[in-house]
Amino acid sequence: GPKIVLISDGAEGCVAYAADGSIRVRAPEVAIADTVGAGDCLLAGFLHSTVAGGDLEAALREGVRWGAAAVRLPGSQVPHLEDLTDIEVHSTRTPQLDRVIS
């Protein structure tokens, strides 16, 4: 079965569940131009960091940065590295167990 499960929570960020615990990364507040492709960019950033040797927490932070950068762009544009420079994200390993994801 899967080793990691990612659940995107839109403007709230993303949660990753793995055998050794869960990690939540909060999305920064950004001006939203379009949400098309943001989840794809989140996953691409996550996978890129993972392949480059990042641990789960670093990969999730990178994924959320890419997703946040994507929503600032019109249409389904993919962000470039310079689109990420001012995006800061924070993570926590304390899960919010009572949060309902719908």
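Quantities reported herein were computed from a predicted structural model and do not represent experimental measurements.

A.B. asks: Just checking my understanding: could you explain helix α1 (residues 38-51) for this structure?
C.D. replies: Look at α1: 20 Å from first C-alpha to last across 14 residues, which is about the 20 Å you get at 1.5 Å a residue. All buried positions along α1 are accounted for by Ala 38, Cys 41, Leu 42, Gly 45, Phe 46 and Ser 49. Angularly, the buried residues of α1 cover 135° about the axis, an arc narrow enough to put them on a single face. Along α1, the residues that are exposed and aim more than 90 degrees away from the buried face are Asp 40, His 48 and Val 51. Contacts from the buried residues of α1 go to β1 (4-8), β2 (13-18) and α2 (56-71). Within two residues after α1, Gly 53 carries a phi angle of roughly 100°, on the positive side.

A.B. asks: In this structure, what is going on with the nonpolar core? I would like to understand it.
C.D. replies: Counting residues in each nonpolar core, the largest one holds 20 residues, and the members touching the most others are Val 25, Leu 60 and Val 64. Listing elements by their share of this core, those giving two or more residues are β2, β3 (21-26), α1 and α2. The biggest single contributor to this core is α2, with nine residues. Setting aside anything within four residues of it in sequence, one finds Val 64 in contact with Cys 14, Val 25, Arg 26, Ala 27, Pro 28, Leu 42 and Val 89.

A.B. asks: I would appreciate a short explanation of the pattern of salt bridges in the present structure.
C.D. replies: Where charged atoms of side chains with opposite charge meet at close range, the side chains can pair. Throughout the structure, instances matching the rule amount to six salt bridges. Across the pair Arg 24 and Asp 9 runs a salt bridge whose closest N-O atoms are separated by 3.1 Å. Separated by 15 residues along the polypeptide, Arg 24 in strand β3 and Asp 9 in the loop between β1 and β2 bring together distant segments of the chain. Across the pair, exposure class does not vary: Arg 24 and Asp 9 are buried alike. A salt bridge links Glu 57 to Arg 93, with the shortest nitrogen-to-oxygen separation between them at 3.3 Å. Of this pair, Glu 57 sits in helix α2 while Arg 93 is found in the segment after β4 (90-92), placing the two residues 36 residues apart along the sequence. Assessed through its relative accessible area of 18%, Glu 57 is described here as buried. Where salt bridges share partners, they join Glu 57, Arg 61 and Arg 93 into one cluster.

Scoring rules and cut-offs
- Residues numbered from 1 in each chain as written.
- Predicted model: local features only at pLDDT ≥ 70, side-chain atom pairs only at ≥ 80, totals over all residues.
- Heavy atoms only, no water.
- Helix = DSSP H or I, 4+ residues; strand = E, 2+ residues; numbered from the N terminus.
- Expected span 1.5 Å × (residues − 1).
- Buried < 20%, exposed > 50% of the residue type's maximum accessible area, 1.4 Å probe, protein only.
- Arc of directions from axis to C-beta.
- Contact = heavy atoms within 4.5 Å.
- Core = buried A, V, L, I, M, F, W, Y, C linked by side-chain atoms within 4.5 Å.
- Salt bridge = Lys/Arg side-chain N within 4 Å of Asp/Glu carboxyl O.

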